[in-house]
Structures are given as C-alpha cells and as structure tokens.
Amino acid sequence: TTFMHRLPLLNKLRDYRHHDHHERNMYEMLIRFVETESACFDRALQSGHVTGSAWIMDSTRTRTLLTHHFKLNRWLQLGGHADGDADVLRVAMREARE
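Along each chain, the written sequence defines residue order, and numbers are assigned to residues from 1. Only residues with pLDDT of at least 70 are given local features in this predicted model, and only at 80 or more are side-chain atom pairs given and counted; all residues enter the totals for whole chains, interfaces and linings. The side-chain figures draw on all heavy atoms in the structure; neither hydrogens nor water molecules are used.

Bringing helix α2 (residues 21-36) into the picture now. Strands here mean DSSP runs of E at least two residues long; helices mean DSSP runs of H or I at least four residues long; both are numbered from the N terminus. Expected span of a helix, by definition, is 1.5 Å for each gap between consecutive residues, and there is one gap fewer than residues. For α2, which comprises 16 residues, the first-to-last C-alpha distance of 23 Å matches the rise-based estimate of 22 Å (1.5 Å per residue) to within 8%. Within the sequence span of α2, burial applies to Glu-23, Tyr-27, Ile-31, Phe-33 and Val-34. Along the axis of α2, the buried residues cluster in a sector spanning 160 degrees; they form a single face. When the buried face of α2 is taken as reference, the exposed residues oriented beyond 90 degrees from it are His-21, His-22, Met-29 and Thr-36. Distance and chemistry together define a polar contact, namely a pair of N or O atoms within 3.5 Å, with one atom able to donate a hydrogen and the other to accept it when in protein, and with adjacent residues in sequence counting only for side-chain atoms on both sides. Between the side-chain oxygen of the N-cap and the backbone nitrogen of His-22 there are 3.2 Å, and the N-cap of α2 in question is Asp-20. In this scheme, a residue with accessible area under 20% of its type's maximum is buried, one over 50% is exposed, and one in between is partly exposed, where area comes from a 1.4 Å probe on protein chains only. For this quantity, the arc is that covered by the directions from the helix axis to the C-beta atoms.

Okay, the side chain of Asp-85 next. Structurally, Asp-85 is set in the loop between β6 (78-81) and α3 (88-97). Looking at Asp-85, the relative accessible area reads 15%, which means it is buried. Setting aside its immediate chain neighbours within four residues, Asp-85 contacts Phe-41, Arg-90, Val-91 and Arg-94. We call two residues contacting when some pair of their heavy atoms lies within 4.5 Å.

This brings us to the side chain of Arg-6. Within the element layout of this structure, Arg-6 appears in helix α1 (residues 3-15). For the purpose of counting charges, residues Lys and Arg are taken to be positive, whereas Asp and Glu are taken to be negative. His and the chain ends are not included. Should a side-chain nitrogen of Lys or Arg be within 4 Å of a carboxyl oxygen of Asp or Glu, the pair is scored as a salt bridge. It is Glu-37 that comes nearest to the buried, bridge-free Arg-6 among opposite-charge side chains, at 7.5 Å. Only 2.8 Å separates the side chain of Arg-6 from the backbone oxygen of Val-34, close enough to count as a polar contact.

Tallied over the entire structure, the rule returns seven salt bridges. Note that Glu-35 is salt-bridged to Arg-14, the shortest N-O span being 2.5 Å. Of this pair, Glu-35 sits in helix α2 while Arg-14 sits in helix α1, placing them 21 residues apart in sequence. For the salt bridge of Arg-24 with Glu-28, the shortest nitrogen-to-oxygen distance reads 2.9 Å. With Arg-24 and Glu-28 both in helix α2 and four residues apart, this pair spans about one turn of that helix. Note on Arg-24: relative accessible area 38%, which makes it partly exposed. On the basis of relative accessible area, Glu-28 is assigned to the partly exposed category, the value being 26%. The network of salt bridges with common partners includes Asp-85, Asp-87 and Arg-90.

At 3.6 residues per turn, the α-helix brings residues three or four places apart onto the same side. Burial in α3 covers these residues: Val-88, Val-91, Ala-92 and Glu-95. Projection of α3 onto a plane perpendicular to its axis shows the buried side chains occupying an angular sector of 95 degrees, all on one side. Every exposed residue of α3 that faces more than 90 degrees away from the buried side is listed here: Leu-89 and Arg-97. Looking at the buried positions of α3, the neighbouring elements they touch are α1, β1 (51-54) and β6. Where α3 begins, the capping side chain belongs to Asp-87, and its oxygen is found 3.2 Å from the backbone nitrogen of Leu-89.

Shape descriptors only; they carry no functional weight alone.
What follows is the structure in structure tokens.
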C-alpha cells in the first residue's frame, strides 16, 4: 500500500479539531499510526488497524442504534474492519447496511 492510499484519511484527520488534552493525544497517535503503518487498513496488522463506524439515529436524533460486541462485552455504534479499504466512509456505510 502506498502512502498516497492513506492521504484521504490523513487529510480528514488533519481537518479534525480536538477538544481536550486526552483527545489531542489520541488524535496525534492516530495520525502517526496512519502515516507510518502502510498496512493500517488491514486487520492482520497486530499493532492495530483502521476501522469504520457509523451512528444510526432516529429522525428526532434522540435515539441511536447500538450493537452488543460479544468479544468486548460492550455496546457500541455499528462498525467494522476496513479489510484493506482506505475509504473509511464507504467502510462505515457498508457496516451500517450489514
């Protein structure tokens, strides 16, 4: 995977405005990860990998759909592995539809 493959995500990340010190640290770590890991979209990467997730809300924006993640034993927004797809919006939409 070339660096160019990662540029759309890096540009989106760089446009993001963090809100506090903790979030800034996570943001900086994520940018470094995507910059340095050529296989960052591959779930086989042991150090971690990019995923896509989506918030599905009702029309009043007062309720959201969550799913129970069996392995983590947590309720999460819908999402999943990129499986090599660098378009995280497409990944999120695919996961939401599934």
